[in-house]
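Close look at the chain arrangement
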Amino acid sequence: MKNQLTITASITATEGKREEVKQALLKLIPPTLAEEGCLNYDLHEDLENPNRFFFYENWQTKEHWHNHNESAHIAAHRNATKGLVAEVIISQLSHVKI
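One structure accompanies this document, and this report is about it. Remember, it's a predicted structure, so these values are computed and weren't measured experimentally.

Taken as a whole and assessed by the stated rule, the structure comprises one aromatic pair. Where Tyr41 meets Phe55, the ring centres are 4.2 Å apart and the plane angle is 25°; that geometry is what we call stacked. Taken together, the residues span a long stretch of sequence, with Tyr41 in strand β2 (residues 38-45) and Phe55 in strand β3 (residues 52-59) at a distance of 14 residues. Each member of the pair Tyr41 and Phe55 is classed as buried.

Time to look at the pattern of salt bridges. Counting across every chain of the model gives five salt bridges. Taking the shortest distance from any N to any O, the salt bridge between Lys17 and Glu20 comes out at 3.6 Å. The exposure class of Lys17 is partly exposed, given its relative accessible area of 29%. The residue Glu45 makes a salt bridge to Lys22 at a minimum N-O spacing of 3.2 Å. Residue Glu45 is found in strand β2, and its partner Lys22 is found in helix α1 (residues 18-33); the two are separated by 23 residues along the sequence. The class for Glu45 is partly exposed, based on a relative accessible area of 39%. Classification of Lys22 by relative accessible area gives partly exposed; the value is 21%. If you follow the salt bridges from partner to partner, you end up with Arg18, Glu19, Lys22 and Glu45 in one network.

The next subject is the sheet that holds strand β4 (residues 85-93). Strand order in this open sheet of four strands is β2-β3-β1-β4, and the pairing throughout is antiparallel. Of all strands in the sheet, those with a lone pairing partner are β2 and β4, marking the two edges. On average, each strand axis in the sheet is tilted by 15° relative to the strand beside it, whichever way the strands run. Summarising the sheet, strand β1 (residues 5-13) and β3 pair through eight bridges and their orientation is antiparallel. Each residue of the ladder has a partner; that of Thr6, found in β3, is Asn58. The strands touched by α1 are β1, β2, β3 and β4; relative to β2, the strand with the most contacts, the crossing angle is about 165°.

The rules behind the values
- The residue numbers shown here count from 1 along each chain, following its written sequence.
- Totals for whole chains, interfaces and linings use all residues, but because this is a predicted model, local features are given only for residues with pLDDT of at least 70 and pairs of side-chain atoms are given and counted only at 80 or more.
- To get the side-chain values, take all heavy atoms of the structure and skip hydrogens and water.
- Pairing of aromatic rings covers Phe, Tyr and Trp, the last counted by its six-membered ring, and requires centre-to-centre distances within 6.5 Å; plane angles under 30 degrees mean stacked, over 60 mean edge-to-face, and any other angle means tilted.
- Secondary structure elements follow DSSP: runs of H or I of four or more residues count as helices, runs of E of two or more count as strands, with numbering from the N terminus.
- Categorising residues by exposure relies on relative accessible area from a 1.4 Å probe, with only protein chains included: less than 20% of the type maximum marks a residue as buried, more than 50% marks it as exposed, and the intermediate range marks it as partly exposed.
- Note on definitions: salt bridges are taken to be side-chain nitrogens of Lys or Arg within 4 Å of carboxyl oxygens of Asp or Glu.
- Should DSSP find at least two bridges between two strands, the strands are taken to pair.
- Helix axes are fitted only over the stretch in contact, all axes being lines through C-alpha atoms; the angle between N-to-C directions runs from 0 to 180 degrees.
- The contact criterion used is simple: two residues touch if any of their non-hydrogen atoms lie within 4.5 Å.

Structural data, given as structure tokens:
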């Protein structure tokens, strides 16, 4: 897809808050998958750091991803996880064609 955007999001829970963060991240999946332009929204756990989670996401366009970030469920998630998350690193990627 010409304008497809891939996102990786690394979310590290504050020590002792892993399970709370994991449950909050799991709640994001159903409403996000229902969003227009969401191709996939996959949550992964880091095997070496149990406090770190990764989302691997694909969006039809950057605009779809921006709409996702402005959604009510993302705003609610940010409020619900204040003080529970030590670090978030988001990368915007495009496919390298051979």
